[in-house]
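This is what each chain is made of:
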Amino acid sequence: MVEAQTWTRRMSNPRLDSTVTTADDQVLDIPATPTAELKNSTYAVGSRLSPNLLTVLIIASWFMSNIGVLLLNKYLLSFYGYRYPIFLTMLHMLSCASYSYVSINFIQIVPRQNILSRKQFLKILALCLIFCFSVVCGNTSLRYIPVSFNQAIGATTPFFTAIFAFLITCKKESAEVYFALLPVVFGIVLATNSEPLFNLFGFLVCIGSTSGRALKSVVQGILLTNETEKLHSMNLLLYMAPMAALILLPFSLYIEGNVARVTAEKARSDSFIIFLLIGNATVAYLVNLTNFLVTKHTSALTLQVLGNAKAALAAFVSILVFRNPVTVMGIIGFAVTVMGVVLYSEAKKRSKVTAH
């Protein structure tokens, strides 16, 4: 249910002084951080294609999976009548755990990394708790607000990242960086005031999802700083996904009632839901896989640019598919927010160059 990501250097783990991406609302919001060895490796299937064509196909797959999971979530939760966002998120986690195990242990898409200590395990668990909160809030918001508005709110992730970085680490940015955040906030204010389908609860849980995504990015930069504790993004997904499923299961059963029985009964009367749930969970994993592949075959900066484009494209496609009304002021507000994110990213890069 599609989160801010940070890098200090190309193909490294997240840090606090890095450029923030805006590829929000990715299902797991786990940064793709392949090592140099992985960067130089070539998949067998890719060797049969020209590098440029392979890159284009990977980017196209990234767009389709990111937008696809948003639209499928919205359809299931709002139009199909499947009112169980926590259980749906748990299915996503089970899917990611299963596919990750196969990809790493059998296909060997990346080398297997093991958890080396209880301390490292607890750090991953802490990240998992924040992640669960963020993703469940993001999925829940899609029950109440349009995808276009969801994406507009998600674009404010850099604002929350800057706040948490200051509150937790006392890290201060330059005046130029903070000034660039003004249009990010101003744009979402415009979009909110002019949203025809505004829902207060949906708005608040989407803000919760966005802030949770930013908090996870900051906390990850603090916890996984030890060289021996760094995990490749796909290995981090392998360990976080089953943890998340175990955390979400009791909450789903307590909050959403006898959801397993209701789902089974619905499947008996309408088998199409089985296809929807399996397809939705599979696309959820593809979001993370293509996120890694884009960075492997291009760069983290390219992923950042694509993230900005994805938010706008997802909003446009959702309007075409679901026919939710929009206003000119809402479009302007979204555009201002995205432009603010671009200015913020540029200001961060200039600030890094000046610091060095």
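Keep in mind it's a predicted model, so treat the numbers as computed, not measured.

## A look at the pattern of salt bridges
With the rule as written, the count across this model stands at 6 salt bridges. In this structure, lysine 123 and glutamate 229 form a salt bridge, with 2.7 Å as the shortest nitrogen-oxygen distance. Note that lysine 123 is positioned in helix H4 (residues 118-141) and glutamate 229 in the loop between helix H8 (200-223) and helix H9 (233-255), a separation of 106 residues in sequence. Here lysine 123 matches glutamate 229 in class, with each residue buried. Arginine 350 is paired through a salt bridge with glutamate 176; the nearest N and O atoms lie 2.4 Å apart. One end of the pair, arginine 350, is in helix H13 (residues 328-355); the other, glutamate 176, is in helix H7 (residues 175-193), and 174 residues separate them in sequence. According to the relative accessible area criterion, arginine 350 is partly exposed, its value standing at 42%.

## Observations regarding the nonpolar core
Grouped together as the largest cluster of nonpolar side chains are 61 residues, with contacts concentrated most on Tyr82 and Met234. Secondary-structure elements contributing two or more residues to this core are helix H2 (51-79), helix H3 (85-105), H4, H9, helix H10 (259-269), helix H11 (272-297) and helix H12 (300-322). Of all the elements, H9 adds the most residues to this core, at 12 residues.

## A few points about the state of the cysteines
Disulfide: a covalent bond formed between the sulfur atoms of two cysteine residues. Applying the stated criterion across every chain yields a total of 0 disulfides. Among the cysteines around cysteine 128, which has no disulfide bond, cysteine 132 carries the closest sulfur, lying 4.2 Å off. On the basis of relative accessible area, cysteine 128 is assigned to the buried category, the value being 0%. With relative accessibility at 5%, the residue cysteine 132 sits in the buried group.

## Details of unusual backbone geometry
Non-glycine residue glutamine 108 carries a positive phi angle of around 60 degrees. In this fold, glutamine 108 is placed in the loop between H3 and H4. Despite not being glycine, cysteine 170 has its phi angle at roughly 60 degrees, a positive value. Taking relative accessible area as the criterion, cysteine 170 reaches 59% and is therefore assigned exposed.

Calculation criteria
- Throughout, residues of each chain are indexed from 1 in the direction in which the sequence is written.
- With the structure being a predicted model, the display of local features is reserved for residues of pLDDT at least 70 and the display and counting of side-chain atom pairs for 80 or more, all residues being used for whole-chain, interface and lining totals.
- The basis for every side-chain value is the complete set of non-hydrogen atoms in the structure, without hydrogens or water.
- For this analysis, a salt bridge means a side-chain nitrogen from Lys or Arg found within 4 Å of a carboxyl oxygen belonging to Asp or Glu.
- Starting at the N terminus, helices and strands are each numbered in turn, a helix being any DSSP run of H or I of at least four residues and a strand any DSSP run of E of at least two.
- Note on classification: 1.4 Å probe, protein chains only; a residue is buried when its accessible area is under 20% of the maximum for its type, exposed when over 50%, partly exposed between these limits.
- Only buried residues count toward a nonpolar core. Its members are Ala, Val, Leu, Ile, Met, Phe, Trp, Tyr and Cys residues joined through side-chain atoms within 4.5 Å.
- When the sulfur atoms of two cysteines come within 2.5 Å, that pair is taken as a disulfide.

Purely spatial values, then, with no claim about function.
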